[in-house]
Amino acid sequence: MNTVATLFFPESLLPQPTSVVRALLAERYVVAAPADQADIGLYTAGQLAACQQAPAGQIRLLEYDQYSGIDHSALGADILLPLSLPVPFLSNALKQALRMHQQQQLQNQLLRQLAHQENEFERLMDIGLALSAEQDHSRLLVRILQEARRFANCDAASIFLIEPADHGERQLVFKLSQNDSVAFDSQEQRFTLDTSSLAGFSALSGTILNFDDVYELPPDSAFRFNKAFDQQFGYRTRSMLVIPMRAHDGRIVGVIQFINRKRSPQVRLNSPEIVGRETLPFDERLVTLLETMASQAGVAIENNLLIERINTLFEGFVSASVHAIEQRDPTTSGHSFRVAELTIALAEAAHHETDAEYRAIRFGTEELRELRYAALLHDFGKVGVREHILVKAKKLSPEAWVRFHYRIALQKERVRNHYLQQHLTAARQQRLSSEYEQTLRLQEEQALQKLDAMQQAVELANEPSILDEGTFGHLQQLREEHFTDLDGRKVPLLEDHDFLALAVRRGSLTEEERHEIESHVSHTIRFLSTIPWTPELERIPHIAGAHHEKLDGTGYPHGLSAADIPLGAKMMAVCDIFDALTASDRPYKTAMPLERALDILHADAGNHKIDASLVRLFSRLPLTQILPGLKSL
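First things first, this report covers the structure right here in the doc.

Conventions adopted
Residues numbered from 1 in each chain as written. Predicted model: local features only at pLDDT ≥ 70, side-chain atom pairs only at ≥ 80, totals over all residues. Heavy atoms only, no water. Helix = DSSP H or I, 4+ residues; strand = E, 2+ residues; numbered from the N terminus. Areas by Shrake-Rupley, 256 points an atom, 1.4 Å probe, with all protein chains shown as cover. Expected span 1.5 Å × (residues − 1). Contact = heavy atoms within 4.5 Å. Pairing = 2+ DSSP bridges. Axes fitted to C-alpha atoms, helices over the stretch in contact; angles between N-to-C directions. Polar contact = N/O pair within 3.5 Å; in protein donor to acceptor, adjacent residues only side chain to side chain. Buried < 20%, exposed > 50% of the residue type's maximum accessible area, 1.4 Å probe, protein only. Parallel < 35°, antiparallel > 145°, perpendicular 65-115°, else oblique. Nonpolar A, V, L, I, M, F, W, Y, C, P; charged D, E, K, R; others polar. Core = buried A, V, L, I, M, F, W, Y, C linked by side-chain atoms within 4.5 Å. Phe/Tyr/Trp six-rings, centres within 6.5 Å; stacked < 30°, edge-to-face > 60°. Lys NZ or Arg CZ within 6 Å of the ring centre and 35° of its normal. Salt bridge = Lys/Arg side-chain N within 4 Å of Asp/Glu carboxyl O.

So, the overall build of the chain
Right, on to step 1. Broken down by element type, the chain carries 22 helices and 14 strands.
Right, on to step 2. Carbon and sulfur atoms form 52% of the exposed surface of the chain, whose accessible area is close to 33,800 Å².

Following this line, the structure appears as structure tokens:
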């Protein structure tokens, strides 16, 4: 900040005012400057126009006639002085102008600092958003080092992560390093997690290490600097900052090493002399900002690893589910895995095909993952069908019975509460006689007995036995009973679907449930739709549930037309039929030769059952490489 203000003053000043100004100049409180460049301007009464035309920000002192009748607010001056510039007035005015100038300078400096800080915070927020958006773990680590080095203007940086090792131990894993001055291949290395290295010490202690010259560590340090890289590549590491990265819960997940902060990002540190001249230490403010960035990086890494673990967990869940399905149905063992492999191979082939009929077919990474899961789970409903048959011993499901039982219990409590209120009201009004009390008791008992009778009728009808007409009629009466729920809505005591289940005359399954047993696809759609899929996977139920649909609308379960069938389901249909024809694990038939199975696919395509262009592409796939067990003529 410039501490000496520049001053303009006219040569026409009277001797005494001139002496005041000369004294200030002599003592270097101010220096003389032209009117259009000065920080402070001193104008006589005849220089009103010059005062008004002075540059913005100038502190203007103006001589004026207080008896002239001129509007002082229109003069454009900051400080007004009486005519002839009396020395005491002029001296105080100049001192005040100097104070105003210093305050103005300080304000400008603070504004610049604030703008710089705002810019840094915006950069930190942008970096945080960029890191949180990156889901690929390898790209995330590269991005962290790039953003960190750019923010700190560092020549190099390295990142270490703490990862589990054998027997529950932890290791310090060198993941990645970047260096603007040296070209080298950064390869992952694993080290024992101890305090012998700077990174290990920082990771275990949670301490930030900051050295102006890492070659000059204190002799009593518990750690040492490894000079192997410098010796191998002729580099000179000087200033170094090691910051632990913490997850959202404060747990340390790794460390970042910032190496050789530079004056200019364009400089290459290819000699010790340049290193000594161009590197800077990490000041306290920068350390604070980089600590914030390291925390952002730690959270991003932990979130990224969490996503990977979730994906691995979900992959295991899907695989285990498919294995469970196929254990329940050994005749189709391996079918879902083979269909998934064939479907992904077909999708990738279509994606890379250049012919016009395939040009619009493109699959991204997430879309392929979605299609693969849909193919793996396309028969997921089979396990639901069998469990439904095994578990349902009564006509009402356990959940439906609990709901009905709750309604009866709720109604009983309301009955008791109603007659208790009648009793209390009569008592307060002093009209409670023994006869009236007996009447209330009888009415309460009758209402409760009616509810007990309803419950017993439902309990009897819930057993999978043959219903007679009397019981059916009683259920019809129950169907007409209503009550008010907790939200004040009028609802039936026995819901329609519960009534239909209880009205089944033989067994325990309704007609709808029998249709579900006959159609595993309906169960697949239902089960998969209950899973809270992420947006990238939300079409899995639709794709998996449409693999038995036909282009001519004769498929099931919905009879969709060609335009409404997802592309992935059309691909899966081709692969599903092919595997059903060629599978060698069906006890009721032998595996069909590859060529014969392809002929059948082409015939189905000719009958507008499945997509002809996909069948042609499928026929060109290296099927025996995808499924080595295929039988060929």
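Describing helix 20 (residues 594-606)
Right, on to step 1. Compared with the 18 Å implied by 1.5 Å per residue over 13 residues, the 18 Å span of helix 20 between its first and last C-alpha is a close match.
Right, on to step 2. Those residues of helix 20 that are buried lie in contact with helix 19 (567-582), helix 21 (612-619) and helix 22 (623-626).
Right, on to step 3. Positive phi appears at His608, one or two residues downstream of helix 20, with a value of about 60 degrees.

Some points on the sheet that holds strand 3 (residues 40-43)
Right, on to step 1. Overall, parallel pairing links the five strands, which are arranged 2-1-3-4-5 in an open sheet. The sheet is open, and its two borders are formed by strand 2 (30-32) and strand 5 (79-82), each paired with just one other strand. Neighbour-to-neighbour, the strand axes of the sheet open up by a mean angle of 25 degrees, direction not taken into account.
Right, on to step 2. Summarising the sheet, strand 3 and strand 4 (residues 59-64) pair through four bridges and their orientation is parallel. Residue Gly41 lies in a different strand from strand 4, and its bridge partner there is Arg60.
Right, on to step 3. With respect to the sheet, helix 1 (residues 15-26) is in contact with strand 1 (5-8), strand 2 and strand 3, its orientation differing from that of strand 2 by roughly 110 degrees.

A few points about the side chain of Ser181
Right, on to step 1. Position of Ser181 among the secondary structure elements: in the loop between strand 7 (170-179) and strand 8 (189-192).
Right, on to step 2. Side-chain polar atoms of Ser181 contact the backbone nitrogen of Leu269, separated by 2.7 Å.
Right, on to step 3. With residues up to four places along the chain from it excluded, the contact list for Ser181 reads Asp155, Tyr235, Arg268 and Leu269.

Some details on the pairing of strand 3
Right, on to step 1. Residue alternation in strand 3 divides its side chains into two sets, Ile40 and Leu42 and Gly41 and Tyr43, and both sets are buried.
Right, on to step 2. In this sheet, strand 3 lies alongside strand 1 in parallel orientation, the contact comprising two bridges. Paired with Phe8 across the strands is Gly41, a residue of strand 3.

Observations concerning the side chain of Ser321
Right, on to step 1. When you line up the elements, Ser321 lands in helix 8 (residues 284-328).
Right, on to step 2. Judged by its relative accessible area of 10%, Ser321 falls in the buried class.
Right, on to step 3. For Ser321, the side chain forms a polar contact with the main-chain oxygen of Phe317, separated by 2.8 Å.

Brief notes about the packing of helix 9 (residues 335-352) against helix 21
To characterise two packed helices, one gives the angle between the axes of the helices and the distance between these axes.
Right, on to step 1. Interhelical geometry of helix 9 versus helix 21 gives an angle of 100 degrees and a closest axis separation of 10 Å. When the interaxial angle is binned, helix 9 and helix 21 end up roughly perpendicular. Along the contact surface, helix 9 presents Leu342, Leu346, Ala349 and Ala350, while helix 21 presents Leu614, Leu617 and Phe618.
Right, on to step 2. Among the residues forming the contact of helix 9 with helix 21, the class breakdown is seven nonpolar, no polar and no charged.

Concerning the environment of Val173
Right, on to step 1. Within the element layout of this structure, Val173 appears in strand 7.
Right, on to step 2. Taking the C-alpha atoms as reference, Val173 lies 8.6 Å from Ile159; in sequence the two are 14 residues apart.
Right, on to step 3. In this structure, Val173 is in contact with Ile159, Phe160, Leu161, Glu163, Glu188, Gln189 and Arg190, ignoring residues within four places of it in sequence.

Section: the nonpolar core
As a rule of thumb, soluble globular proteins bury nonpolar side chains together.
Right, on to step 1. Formed by 58 residues in total, the largest nonpolar core has its most connected members in Leu342, Met571, Phe578, Leu601, Ile610, Phe618 and Leu623.
Right, on to step 2. The greatest single-element share of this core, amounting to nine residues, is contributed by helix 19.
Right, on to step 3. When near neighbours in sequence (up to four residues on either side) are disregarded, Phe618 contacts Leu342, Leu346, Val574, Cys575, Phe578, Leu598, Leu601 and Leu623.
Right, on to step 4. The next biggest cluster of nonpolar side chains, apart from the first, holds 29 residues, and it includes Leu145, Leu176, Ile243 and Val287.

Concerning the packing of aromatic side chains
Right, on to step 1. Evaluated as defined, the whole model comprises 15 aromatic pairs.
Right, on to step 2. Between Phe184 and Phe229 the ring centres are 5.0 Å apart and the planes differ by 75 degrees, which places this aromatic pair in the edge-to-face class. Note that Phe184 is positioned in the loop between strand 7 and strand 8 and Phe229 in helix 6 (residues 228-233), a separation of 45 residues in sequence.
Right, on to step 3. The class for Phe184 is partly exposed, based on a relative accessible area of 21%.
Right, on to step 4. The partly exposed category is assigned to Phe229, whose relative accessible area is 26%.
Right, on to step 5. Among the aromatic residues, ring-to-ring pairing joins Phe184, Phe229, Phe233 and Tyr235 into one connected group.
Right, on to step 6. Cation over ring: Lys227 sits above Tyr215, and NZ or CZ is 4.4 Å from the ring centre.
Right, on to step 7. The ring of Tyr215 has Arg236 lying over it, and the distance from NZ or CZ to the ring centre is 3.9 Å.

Comments concerning the pattern of salt bridges
Right, on to step 1. Considering all chains together, one arrives at 22 salt bridges under this definition.
Right, on to step 2. The shortest N-O distance in the salt bridge between Arg149 and Asp180 comes to 3.0 Å. Here Arg149, found in helix 4 (residues 137-152), pairs with Asp180, found in the loop between strand 7 and strand 8; they are 31 residues apart in sequence, far enough to count as distant.
Right, on to step 3. By relative accessible area, which is 12% here, Arg149 ends up buried.

Here's the deal with the environment of Val253
Right, on to step 1. Tracing the sequence through the fold places Val253 in strand 11 (residues 252-262).
Right, on to step 2. Owing to a relative accessible area of 7%, Val253 belongs among the buried residues under this scheme.
Right, on to step 3. A C-alpha to C-alpha distance of 9.8 Å links Val253 and Ala297, two positions 44 residues apart in sequence.

Some remarks on helix 21
Right, on to step 1. Among the residues making up helix 21, those that are buried are Ser613, Leu614, Val615, Leu617 and Phe618.
Right, on to step 2. The elements touched by buried residues of helix 21 are helix 9, helix 19, helix 20 and helix 22.

Focus: the environment of Ile408
Right, on to step 1. Along the polypeptide, Ile408 turns up in helix 12 (residues 398-428).
Right, on to step 2. Residue classification places Ile408 among the buried residues on the basis of a relative accessible area of 1%.
Right, on to step 3. Sequence spacing of Ile408 and Gln455 is 47 residues, and the spatial spacing of their C-alpha atoms is 7.1 Å.
Right, on to step 4. Ignoring anything within four residues of it in the chain, the contact list for Ile408 reads Leu451, Met454, Gln455 and Leu493.

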